[in-house]
Amino acid sequence: MDKHDLMILDIVQQHKREMQEHIRLATLERNFWKRIEGDVTLSVGQARIGERITRLYLDGMIQNKSGYMLTKKGREMLNIEGERIAQIA
């Protein structure tokens with residue numbers, strides 16, 4: 001799991017918190033591309049958002065029930081990695 005996978009988890013969580021609904025795939029993709037458009041270290045081929053979402057789904061981090069939402073495992077991973085990054089900074 002890299003920073004872009006964590007970014008996807010964060011987008012899903014932020015959308016749920018702000019909109020009180022699950023995020024649709026098109027909205028998730030649009031928000032992902034908006035966040036990484038300034039990242040010169042990541043090319044379109046490297047982003048592979050569909051593969052990333054699929055991997056997160058298969059790893060049990062997100063689920064799709066009329067839109068994507070974090071699972072308990074996904075929320076825990078996001079919190080753990082967020083704390084780890086905060087400690088480094």
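Quick summary incoming for the structure in this document.

Along the chain, the position of histidine 15 falls in helix α1 (residues 3-19). Setting aside residues no more than four positions away along its own chain, histidine 15 makes contact with Gln20, Glu21, His22, Ile23 and Thr27.

Our focus in this paragraph is α1. Because an α-helix completes one turn every 3.6 residues, residues spaced three or four positions apart along the sequence face the same direction. For α1, spanning 17 residues, the distance from its first C-alpha to its last is 24 Å, which sits close to the expected 24 Å at 1.5 Å a residue. Among the residues of α1, those classed as buried are His4, Asp5, Leu6, Met7, Ile8, Leu9, Ile11, Val12 and His15. Where α1 begins, the capping side chain belongs to aspartate 2, and its oxygen is found 3.1 Å from the backbone nitrogen of histidine 4. One or two residues past the end of α1 sits glutamine 20, with phi positive at roughly 55 degrees.

Between α1 and helix α4 (residues 49-58), the least distance of the axes is 10 Å, while the angle of their chain directions is 75 degrees. What the angle tells us is that α1 and α4 run roughly perpendicular. Residues His4, Asp5, Ile8 and Leu9 of α1 lie in contact with α4, whose contacting residues are Ile49, Arg52, Ile53, Arg55 and Leu56. In terms of residue class, the contact of α1 with α4 is built from 5 nonpolar, 1 polar and 3 charged.

A few words on the nonpolar core. One finds Ile8, Leu9, Leu28, Phe32, Ile53 and Ile62 to be the most contacted residues of the largest nonpolar core, which totals 18 residues. Contributing elements (two or more residues each) for this core: α1, α2 (25-36), α4 and β2 (68-70). Per-element tally for this core: the top contributor is α1, with 6 residues. Leaving out residues up to four positions away in the same chain, leucine 9 has contacts with Met1, Leu56, Met61, Ile62, Leu70, Gly74 and Leu78.

Thresholds applied
- Residues numbered from 1 in each chain as written.
- Predicted model: local features only at pLDDT ≥ 70, side-chain atom pairs only at ≥ 80, totals over all residues.
- Heavy atoms only, no water.
- Helix = DSSP H or I, 4+ residues; strand = E, 2+ residues; numbered from the N terminus.
- Contact = heavy atoms within 4.5 Å.
- Expected span 1.5 Å × (residues − 1).
- Buried < 20%, exposed > 50% of the residue type's maximum accessible area, 1.4 Å probe, protein only.
- Polar contact = N/O pair within 3.5 Å; in protein donor to acceptor, adjacent residues only side chain to side chain.
- Axes fitted to C-alpha atoms, helices over the stretch in contact; angles between N-to-C directions.
- Parallel < 35°, antiparallel > 145°, perpendicular 65-115°, else oblique.
- Nonpolar A, V, L, I, M, F, W, Y, C, P; charged D, E, K, R; others polar.
- Core = buried A, V, L, I, M, F, W, Y, C linked by side-chain atoms within 4.5 Å.

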